[in-house]
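# Examining the three-dimensional arrangement
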Amino acid sequence: VSGTLMGSIYGLAALGLTLIFGVIKVINFAHGSCLMVGMYTAYWVVKLTGVNPYFALIVVVPLLFVFGYFLEDLLINPVLKAQGDVREPTEIIVVTSGVWYILDNITLMMFGAEYRVVQTAISGKSFELGQIIVSTPKLYGFIATIIVSLALVWFLKSTKIGKSIRAASLDREAASLMGINQYRMYNIAFGIGTAIMGVVGCVLIPFYYVFPTVGVIFDVKCFIIVVLGGLGSIPGALIGGVIVGLIESIGAQFMTSTWTELIVYAVFLTVLFVMPSGLFGEKRDW
């Protein structure tokens, strides 16, 4: 149960990354840093106002959307326009890696390297379900994952903007010929992916420390999860997250965390070798 709940939160974090890749076809190495920004934003909103972390979503999610929207517009779109004939420009890797280092070091300069934690009414709380002990904050994270995932699928399949995003992801030129501003769709998709990290930040702070390099931990996990599930696959991101969460939780009962990490990487490499496109990866996921 613990592995499934924590794995769902991993999957939610990976959901933003797989959305960005599925639409823009670029690898965002600053994804973990966006999570760090979301966690710090949630931390200070809760610390300064005293509101519940889940109410902080009202402030954090719009702020992270705007942050991601303009980050993509100012730094990534110029590269995409300059490399218009390239489907997956590798220069984006350099750009997003630079954003990663800049965000982490600016945060380190502003807030220091200390670990911060928010004490809320549900921090450390749990309840018994028969003989099973369920962590309350992680259960809320699981519920948030389900709600955000369903909302994202509905948005992409049922709204005009969502359909335009899918069209731009499938064929940039054809979408442009149909009157769709592909670069605006990329801005929105990147903004949504970053806003999801705002949700993850609010979900994590009741039980997880906040520090400048926290994003690195989740960045690596998100890449593993996305590749496991299949690049661009929403169900794949969620199931990949649960797989990683289960390995970590069950493995920790029998071995050290170092060995559980080794098992995660072994599973990752095995899936990559046997199924290079991942468990649910297809040429076109939507």
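Here, the structure is the one placed above.
This text gives an overview of the structure that appears in the document. Since this is a predicted model, take the numbers as computed values, not measurements.

## Observations concerning the overall build of the chain
Scanning the chain from terminus to terminus reveals 11 helices and two strands. Secondary structure elements of the chain, listed N to C terminal, follow the sequence α-α-α-α-β-β-α-α-α-α-α-α-α. For the chain, the C-alpha radius of gyration of 19 Å lies close to 19 Å, the compact-globule estimate for 286 residues. With the principal axes as the frame, the chain shows a C-alpha extent of 60 × 45 × 35 Å. Burial status across the chain gives 50% buried among its 286 residues. Taking the intrachain contacts of the chain between residues at least 6 apart in sequence as the baseline, contacts between residues at least 24 apart amount to 77%. Averaging the positions of the 16 positive and the 15 negative side-chain charges in the chain gives two centres separated by 8 Å.

## Comments concerning unusual backbone geometry
Its identity as a non-glycine residue notwithstanding, Lys25 has a phi of 65°, on the positive side. In this fold, Lys25 is placed in the loop between helix 1 (2–24) and helix 2 (31–49). Residue classification places Lys25 among the buried residues on the basis of a relative accessible area of 14%.

## Brief notes about helix 11 (residues 257–274)
The end-to-end C-alpha separation of helix 11 is 26 Å, in line with the 26 Å expected for 18 residues at 1.5 Å each. Where the residues of helix 11 are buried, they touch helix 9 (214–229) and helix 10 (234–251).

## So, the packing of aromatic side chains
Counting across every chain of the model gives 14 aromatic pairs. Plain terms: the ring middles of Tyr54 and Tyr140 are 5.4 Å apart, the flat faces sit at 85° to each other, and that makes the pair edge-to-face. Pair noted here: Tyr54 is in the loop between helix 2 and helix 3 (57–82) and Tyr140 is in helix 5 (residues 136–158), with a separation of 86 residues, a long-range link. Judged by its relative accessible area of 36%, Tyr140 falls in the partly exposed class. Arranged with centres 5.3 Å apart and planes meeting at 70°, the rings of Tyr69 and Phe70 form a pair that is edge-to-face. When its relative accessible area of 43% is taken as the criterion, Phe70 is described as partly exposed. Three or more aromatic residues link up through ring pairs in this structure, and these residues are Tyr10, Phe207, Tyr208 and Phe218. Above the ring of Tyr183, the side-chain terminus of Lys81 is found at 5.1 Å from the ring centroid.

## Things to note about the pattern of salt bridges
Counting across every chain of the model gives three salt bridges. When salt bridges with common partners are traced through the structure, they connect Lys221, Glu248 and Glu261 into a single cluster.

## Here's the deal with a nonpolar patch on the surface
On the surface, a nonpolar cluster with roughly 700 Å² of combined accessible area is contributed by Leu246, Ile250, Phe254, Met255, Trp259, Leu262 and Ile263. Taken together, the elements giving at least two residues each to the nonpolar patch come down to helix 10 and helix 11. Per element, the largest residue contribution to the nonpolar patch is three residues, and it comes from helix 11. Along the polypeptide, Leu262 turns up in helix 11. With relative accessibility at 45%, the residue Leu262 sits in the partly exposed group.

## With respect to the nonpolar core
Counting 75 residues, the largest nonpolar core has Ile24, Leu152, Ile165, Ile196, Val200 and Leu204 as the members making the most contacts within it. The leading source of residues in this core is helix 8 (residues 182–204), at 13 residues. Ignoring sequence-local partners within four residues, the contact set of Ile165 consists of Val23, Phe155, Leu156, Met185, Ile188, Ala189 and Ile192.

Definitions and cut-offs
Residues numbered from 1 in each chain as written. Predicted model: local features only at pLDDT ≥ 70, side-chain atom pairs only at ≥ 80, totals over all residues. Heavy atoms only, no water. Helix = DSSP H or I, 4+ residues; strand = E, 2+ residues; numbered from the N terminus. Rg over C-alpha atoms; globule rule 2.2 N^0.38 Å. Buried < 20%, exposed > 50% of the residue type's maximum accessible area, 1.4 Å probe, protein only. Contact = heavy atoms within 4.5 Å. Lys, Arg positive; Asp, Glu negative; His and termini not counted. Charge placed at Lys NZ, Arg CZ, Asp CG, Glu CD. Expected span 1.5 Å × (residues − 1). Phe/Tyr/Trp six-rings, centres within 6.5 Å; stacked < 30°, edge-to-face > 60°. Lys NZ or Arg CZ within 6 Å of the ring centre and 35° of its normal. Salt bridge = Lys/Arg side-chain N within 4 Å of Asp/Glu carboxyl O. Patch = residues over 30% accessible without salt bridge, like charges linked within 9 Å, V, L, I, M, F, W, Y side chains within 5 Å. Areas by Shrake-Rupley, 256 points an atom, 1.4 Å probe, with all protein chains shown as cover. Core = buried A, V, L, I, M, F, W, Y, C linked by side-chain atoms within 4.5 Å.

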